[in-house]
Structure formats: C-alpha cells, structure tokens
Number of protein chains: 2
Amino acid sequence: MIAETASLRERRRAETRRTLQTHAVRLFMARGYDATTINDVAEAAGVSAMTLYRHFATKEDLVLYDEFDRETAAALAAQQQEEPLRQRIGRALVQTAATAVNSDRDLLLARLNLMISTPALQARHLDSQYATEIAVVDTLCAGTTDPDLEFRIRSTTAACLAVIHVALIRWAEGDGRQDLPTLMRQALTSAFDTAF
Amino acid sequence: MIAETASLRERRRAETRRTLQTHAVRLFMARGYDATTINDVAEAAGVSAMTLYRHFATKEDLVLYDEFDRETAAALAAQQQEEPLRQRIGRALVQTAATAVNSDRDLLLARLNLMISTPALQARHLDSQYATEIAVVDTLCAGTTDPDLEFRIRSTTAACLAVIHVALIRWAEGDGRQDLPTLMRQALTSAFDTAF
DNA sequence: CGCAGATTTGTTAGTAACTATCAGCATGGT
DNA sequence: ACCATGCTGATAGTTACTAACAAATCTGCG
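Notes on the structure in this doc start here.

Criteria and cut-off values
- Residues numbered from 1 in each chain as written.
- Chains lettered and ligands numbered in written order.
- Predicted model: local features only at pLDDT ≥ 70, side-chain atom pairs only at ≥ 80, totals over all residues.
- Heavy atoms only, no water.
- Helix = DSSP H or I, 4+ residues; strand = E, 2+ residues; numbered from the N terminus.
- Buried < 20%, exposed > 50% of the residue type's maximum accessible area, 1.4 Å probe, protein only.
- Contact = heavy atoms within 4.5 Å.
- Areas by Shrake-Rupley, 256 points an atom, 1.4 Å probe, with all protein chains shown as cover.
- Lys, Arg positive; Asp, Glu negative; His and termini not counted.
- Charge placed at Lys NZ, Arg CZ, Asp CG, Glu CD.
- Near = heavy atom within 4 Å.
- Polar contact = N/O pair within 3.5 Å; in protein donor to acceptor, adjacent residues only side chain to side chain.
- Buried area = accessible area lost by both parts, 1.4 Å probe.
- Salt bridge = Lys/Arg side-chain N within 4 Å of Asp/Glu carboxyl O.
- Nonpolar A, V, L, I, M, F, W, Y, C, P; charged D, E, K, R; others polar.
- Core = buried A, V, L, I, M, F, W, Y, C linked by side-chain atoms within 4.5 Å.

## So, the overall build of chain A
Move 1: Helix and strand counts for chain A stand at nine helices and zero strands.
Move 2: For chain A, the sequential pattern of α-helices and β-strands runs α-α-α-α-α-α-α-α-α.
Move 3: With the C-alpha coordinates aligned to their principal axes, the bounding extent of chain A is approximately 50 × 40 × 35 Å.
Move 4: A burial count over chain A gives 47% of its 196 residues as buried.
Move 5: Taking contacts inside chain A between residues at least 6 apart in sequence as the whole, the part at least 24 apart equals 65%.
Move 6: Per element, the accessible surface of chain A, about 9,900 Å² overall, is 50% carbon and sulfur.
Move 7: If the 22 positive side-chain charges of chain A are averaged to one point and the 26 negative ones to another, these points end up 4 Å apart.

## Regarding the protein's contact with DNA strand C
Move 1: The local shell around DNA strand C holds 19 residues, among which Thr-51 and Arg-54 of chain A together with Arg-9, Arg-12 and Lys-59 of chain B are the closest.
Move 2: In DNA strand C, the atoms that sit within 4 Å of the protein are 57% sugar and phosphate, with bases accounting for the remainder.
Move 3: One nitrogen or oxygen atom from the side chain of Ser-48 of chain A is found 2.8 Å from a phosphate oxygen belonging to DNA strand C.
Move 4: Arg-54 of chain A has a polar side-chain atom sitting 2.8 Å from a base oxygen of DNA strand C.
Move 5: Looking at the surface near DNA strand C, the elements with two or more residues in it are helix H1 (8-31) and helix H3 (49-55) of chain A together with helix H1 (8-31) and helix H3 (49-55) of chain B.

## Regarding the interface of chain A and chain B
Move 1: Facing 30 residues of chain A, the contacting portion of chain B comprises 30 residues.
Move 2: Interface area, chain A with chain B, both sides summed: about 2,500 Å², of which 64% is carbon and sulfur.
Move 3: The tally of links between chain A and chain B comes to four salt bridges.
Move 4: Put simply, Asp-193 of chain A and Arg-86 of chain B hold a salt bridge, and the shortest N to O gap is 3.2 Å.
Move 5: In this assembly, chain A and chain B are joined by six residue pairs in polar contact (both at pLDDT 80 or more).
Move 6: Elements with a contribution of two residues or more to the side of chain A that touches chain B: helix H7 (119-140), helix H8 (147-173) and helix H9 (180-192) of chain A.
Move 7: Of the residues in the side of chain A that touches chain B, the class split is 15 nonpolar, six polar and nine charged.

## Notes on the side chain of Thr-156 of chain A
Move 1: Within the secondary structure layout, Thr-156 of chain A lies in helix H8.
Move 2: Classification of Thr-156 of chain A by relative accessible area gives buried; the value is 4%.
Move 3: The residues contacting Thr-156 of chain A, other than those within four sequence positions of it, are Leu-85, Arg-86 and Ile-89 of chain A together with Ser-190 and Ala-191 of chain B.

## Things to note about the nonpolar core
Generally speaking, soluble globular proteins have nonpolar side chains that are buried together.
Move 1: Formed by 114 residues in total, the largest nonpolar core has its most connected members in Leu-62, Trp-171 and Phe-192 of chain A together with Leu-62 of chain B.
Move 2: Residues in contact with Leu-62 of chain A, not counting those within four places in the same chain, are Leu-20, Gln-21, Ala-24, Val-25, Phe-28, Ile-38, Val-41, Leu-52 and Phe-56 of chain A.

## Quick notes on the protein's contact with DNA strand D
Move 1: Arg-9, Arg-12 and Lys-59 of chain A together with Thr-51 and Arg-54 of chain B are the nearest of the 19 residues found near DNA strand D.
Move 2: In this structure, a phosphate oxygen belonging to DNA strand D sits 2.9 Å away from a side-chain N or O atom of Arg-12 of chain A.
Move 3: In this structure, Arg-54 of chain B approaches DNA strand D through a side-chain N or O atom, which is 2.7 Å from a base oxygen.
Move 4: For the surface near DNA strand D, the secondary structure elements donating two or more residues are H1 and H3 of chain A together with H3 of chain B.
Move 5: For the surface near DNA strand D, the leading source of residues is H3 of chain B, giving four residues.
Move 6: For the surface near DNA strand D, the per-class residue count stands at six nonpolar, seven polar and six charged.

Laid out in structure tokens, this is it:
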C-alpha cells in the first residue's frame, strides 16, 4: 500500500503536469518558443490541447511554473528574527536558489535560457517574480496593520528580489558555470553595501 | 541633438499616436481592458486596425507607451558624478517622475490604474521597467568593459527601479493624493537606509 | 461488487490578437 | 509637375485562448 496521501487522481495530475512541462521546454529549446504551437506540445505529451489548458492557463506558464514562492516563504520563516529585514529576505532567497540548483539544475537552466531569449517569457518572468514579492510581503506582514510599515517592507522586498533577478540572469547567461548563491550574495552586497 | 524640424509627416504621426493612446485609455477605463477590442479603439480614433498596429505593436503598448526611458537617461547624465551610484540613480528617477506628474498627471494616473487592475498590463509594466533598467545601465556603463563593474551597476539599478515601482503603485492606489517624489524618496530611504 | 457523484478529458465551434501581402494614396524634395 | 518614399487600408490568414456539452474515469459508500 502506498503511504502517500496523494490520491491516484492527484498523482496522475502532477505527473501529467510534469510531462507537459518537460515536453514543452524540450520542444521550445529545439524549435523555438514562437515556432512551437500549443498543439505541438499537447501532441508530444499525448493529450489534447484542451487538457493542456486545464493544467497551464497560458503557453507561458509551461515555462514559468515552479514552486519558488512557497519555498521562499518557508525559508523566510526559518530566518532568525533578530536580523535586519534585508538580510532575512536576501538569505531566504539565496537558500531557496541553492536548493533549486541542487535538485533541478538542468531544467532550471533551460527555463531561464528560454526566459532570456523570448520577449514574451521575459515579461512574464518579471511578473512571476512579482508574485514572489507578494508572497514574501504577505509572510512578513502577517499581523501587521500599519500601512507605513507595510510600505517599508514592500520596498525592501522589491529591492532584494530585483537584485536576485540580476544574479539569476547573469548565472544563466554564463550557462551555470558560476556558483549561483555566490553570485546572488555578490549582487546583494554591491547593491546594499552590506554583507549577506 | 535631435533637430526640431518635425516634418508634417512626423507631426501627424505623433498626433495619431497620441490620439490612439488617449482613446484607448478612455475606452479601457470605461468598458474594461479585455472587453474593449483593438477594432473599438481604431474605430474611435478614426483609423483602421491595421494602422493602429503600425503605431503600437501590441494592445498593451497602447497603455504602456511613454518617454520615461529617454528622460531618465537625460536626468541621469545631469547628476553630479561625485555622488554615490545609488543616489544618482534614485534622484534621476525621482526627478523624472516629478516632471511627468507636472505635465501629464491625469493620463499617468489612468494608465497606472489600468496597469494595476489588468493582469496582462501589470506583467508588461514590469517589463517596460526592465527596459528602463537597460537604458539606465547603458548610460552608466558607457565606456566600461569591466563585466564585474557592470554587474554591480546593474544590481544597484535594478534595486532602485524596483523600489521606485513600489512607490509608483502606492501613489496610484492612493489616487495621486500623496506627493509622488516624496513617496519615492521614502521608499528609497527605507530600502537603503540612506537619504535621497 | 456496484452504483451515485465528482473530476478529468476530448470535441467542436467560436472570439480576438496579431501577421503578411498587395495595392492605393499622401508627402516632400527636385 | 514628378517620382521615390513612406503611410494607409482591405483581405485572408495563423494561433492562443474560451465556452459548452458529452464521454470516460476515479472515489467513496452501502
């Protein structure tokens, strides 16, 4: 008996999702994003176009989907509360990135390369980063009603995430040869003049 | 120097462009972005859809187009070179925003409100901010070949722009009642712990 | 096991953003 | 006046995405 709480339905759903993303990234890399249609991806994954849309709302989501937000929020909660805000946010992001590189390096690199070279994906990548910003701010603002404090938290979070983005892009442009966490810490340090 | 010898063609082109944007923003605010078609906008402006596409590559550009990048680059060049990088970038952005508010307040507010309430526009807004980042980095990196220095400049620029974005959104959410330059300086100060 | 209810999937038909192409027209320098 | 150049419009696509319905599949319960 399988002890996983995931029902057969849930497991198959997750499976289909991963299959779709894998085939999509492979095809996009091989033929180009624009030259590959939703039908191509659906066919390669062995499902109908309609089913694909039930798993990914847009073509872009095929490349953009990941679990970054949730993991960052968790890493954030694990930070020492005495540290300054900037450090907590920055370190949580660096840790999440380190984990991601260790588990999914090749897929992550492929996805980032697609995001860099495809204008439509570049725009949506920034948008997904904004979603991360919201997740971080929500975590940090739990129980806060002071709009002024929330404003300061949001400003700091946005700055950290933007810096992290620069490091991510640089990492992908160098095809992952440099160490991502190190790059991120360097970027944070030069933006804030503080150690991370 | 760009000669002010705007030919009749150029003037009419700019005129058509402005007319299209004005009608577009008006219709989007009245009926909603998604519920308004390109044809609606073209018809309201008295041109064909094909002509509209020759002025704006995408529906989103109808809302997003402005001259922010160029003005920011100019303001940046006018900063005192002795100041730290962060201050130069931050102040250039604040100055540009101040000018924009003085000349085009209502249109700017309407455009921002649309960007906030329309997911597709929100994503592209972040992307257009990224274009500003590139413009700023290009200005600051003129003559630089050191990739490390460029990396630091990019990190700092990204951080400043992200913070400015937070202030911009906050300003629009408050319907422009607060002073935008002040909001921006507050956001910069709380993110960097430095005066701007 | 078998049945009822919920979830997932496929099919079809449609909307609207965007592109390519070609032909007609205004414009600006000679 | 005249020709090259660029602006405009009509037409006919392609493709991402949605709505609606019908068929297949899973889950939980008796």
